[in-house]
Amino acid sequence: MINELKLNHPAKRLLPRQTGLENHLLLLSLFSLCLLAVRLLYSDQFLYAFMPWNLFLASVPYFISSRFVTQPWVAGRRLMFLICFLIWLIFIPNSFYIITDLFHLRERKGMPVWFDLAMLLSFAWAGLLLGILSVRQMMELIEIFYGKNRSRLLEYAIMALVAFGIYIGRFLRYNTWDVFTNPFSLAADILYLLVHPLRSRNAWAMIGCYSLLIALIYISFKKLSAYLNK
């Protein structure tokens, strides 16, 4: 049965699209890293040295979802798929979180602001593409194995969870590893947000705004993809 899934499963239809996308993502990532290298050498400042790490974290969900595409039989094993899906869900906010690194943009000595804007945008765009493509891959696999209705429901729930994760990372200053290394403090802060929504109205306003923004960006990509594939 597993061999049949490996050879004949409909998830294989995603493979032809993967190589071209990965080549483009690699080129975009290299361009971002080159801009950062120029900045580090020219300005002799390590201000944005954290960006490659953020880009690496943004690529983890895409790595997970793309491995599902190349090994679709894994998704046919419900327990294994659930474990991998939960790990993917923990990491997916990192792909969209990188857009908030634009908060660091301001006039600084040693480098023109237009250069920093181009550099930050290139990293943010790479992260955004990685996130959108990873969500799309995962949702297509869920649709294949578990039906379109479940896929649709999950899509928009994930957008809200991504926005929630962005808030936790940017403003509460937790990172993905705190899920494993500092779970009680993280759970306490999340519980506070849930129990005291009025006291946390600014937080929920940000989460709601970013949920809609990310959902609209995601839908735009879906519509554009459908239009180009006509």
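Anything mentioned here points back to the structure above.
Read on for a plain summary of the structure. (Residues numbered from 1 in each chain as written. Predicted model: local features only at pLDDT ≥ 70, side-chain atom pairs only at ≥ 80, totals over all residues. Heavy atoms only, no water.)

1. With respect to the overall build of the protein
When helices and strands are tallied, the protein shows 10 helices and zero strands. Start at the N end of the protein and walk to the C end: the helices and strands fall as α-α-α-α-α-α-α-α-α-α. Burial statistics for the protein: of 230 residues in total, 41% are counted as buried. If you take every contact in the protein between residues at least 6 apart in sequence, the share linking residues at least 24 apart comes to 80%. Counting every atom, the protein has about 13000 Å² of accessible surface; 69% of that belongs to carbon and sulfur. (Helix = DSSP H or I, 4+ residues; strand = E, 2+ residues; numbered from the N terminus. Buried < 20%, exposed > 50% of the residue type's maximum accessible area, 1.4 Å probe, protein only. Contact = heavy atoms within 4.5 Å. Areas by Shrake-Rupley, 256 points an atom, 1.4 Å probe, with all protein chains shown as cover.)

2. Things to note about the packing of aromatic side chains
On inspection of all chains with the given rule, the structure shows nine aromatic pairs. Plain terms: the ring middles of Tyr48 and Phe50 are 6.3 Å apart, the flat faces sit at 50° to each other, and that makes the pair tilted. For Tyr48, a relative accessible area of 1% puts it in the buried group. You can call Phe50 partly exposed: its relative accessible area is 28%. Where Phe91 meets Trp177, the ring centres are 5.5 Å apart and the plane angle is 75°; that geometry is what we call edge-to-face. Taken together, the residues span a long stretch of sequence, with Phe91 in helix 4 (residues 78-91) and Trp177 in the loop between helix 7 (148-170) and helix 8 (178-181) at a distance of 86 residues. (Phe/Tyr/Trp six-rings, centres within 6.5 Å; stacked < 30°, edge-to-face > 60°.)

3. Details of helix 6 (residues 113-146)
Across its 34 residues, helix 6 extends 48 Å between first and last C-alpha, which sits within 8% of the 50 Å expected from 1.5 Å per residue. Positioned one or two residues after helix 6, Gly147 has a phi angle of 105°, which is positive. (Expected span 1.5 Å × (residues − 1).)

4. A few points about the packing of helix 6 against helix 7
Packed helix pairs are characterised by how far apart their axes lie and by the angle those axes make with each other. Close contact between helix 6 and helix 7 brings their axes to 7 Å; oriented N to C, the two are set at 150°. In terms of axis orientation, helix 6 runs roughly antiparallel to helix 7. Taken as a pair, helix 6 and helix 7 cross one another with a handedness that is right-handed. Counting all contacts with helix 6, which are made through Val135, Arg136, Met139, Ile142, Glu143 and Tyr146, the residues of helix 7 involved are Lys148, Arg150, Ser151, Leu154, Glu155, Ile158 and Met159. (Axes fitted to C-alpha atoms, helices over the stretch in contact; angles between N-to-C directions. Parallel < 35°, antiparallel > 145°, perpendicular 65-115°, else oblique. Left-handed = near helix turned anticlockwise from the far one by under 90°.)

5. What to know about helix 10 (residues 201-228)
A rise of 1.5 Å per residue sets the reference length of helix 10, with its 28 residues, at 40 Å; its end C-alpha atoms lie 40 Å apart and thus fit the reference within 8%. Those residues of helix 10 not exposed but buried are Ala203, Met206, Ile207, Tyr210, Ser211, Ile214, Ala215 and Tyr218. Buried residues along helix 10 sit in contact with helix 5 (93-97), helix 6, helix 7 and helix 9 (183-195).

6. Some thoughts on a nonpolar patch on the surface
A contiguous nonpolar patch, built from Trp53, Phe56, Trp177, Val179 and Phe180 and spanning about 520 Å² of accessible area, is present on the exposed surface. Elements represented by at least two residues in the nonpolar patch include exactly helix 3 (51-70) and helix 8. Among the structural elements, Phe56 can be located in helix 3. (Patch = residues over 30% accessible without salt bridge, like charges linked within 9 Å, V, L, I, M, F, W, Y side chains within 5 Å. Salt bridge = Lys/Arg side-chain N within 4 Å of Asp/Glu carboxyl O.)

7. Focus: the environment of Phe96
Structurally, the position occupied by Phe96 is in helix 5. We classify Phe96 as buried; its relative accessible area is 1%. A C-alpha to C-alpha distance of 5.4 Å links Phe96 and Leu128, two positions 32 residues apart in sequence. Dropping the residues within four chain positions of it, Phe96 is found in contact with Leu128, Gly131, Ile132, Val135, Val162, Ile166 and Ile214.

8. Focus on the side chain of Asp116
Within the secondary structure, Asp116 sits in helix 6. Not counting chain neighbours up to four residues away, the residues in contact with Asp116 comprise Arg39, Tyr48, Leu105 and Met111.

9. Some remarks on the nonpolar core
Counting 40 residues, the largest nonpolar core has Phe96 and Val135 as its most contacted members. Those elements that place two or more of their residues in this core are helix 3, helix 4, helix 5, helix 6, helix 7, helix 9 and helix 10. Listed in part, the 18 residues of the second largest apolar core include Leu55, Ala58, Tyr62 and Met119. (Core = buried A, V, L, I, M, F, W, Y, C linked by side-chain atoms within 4.5 Å.)

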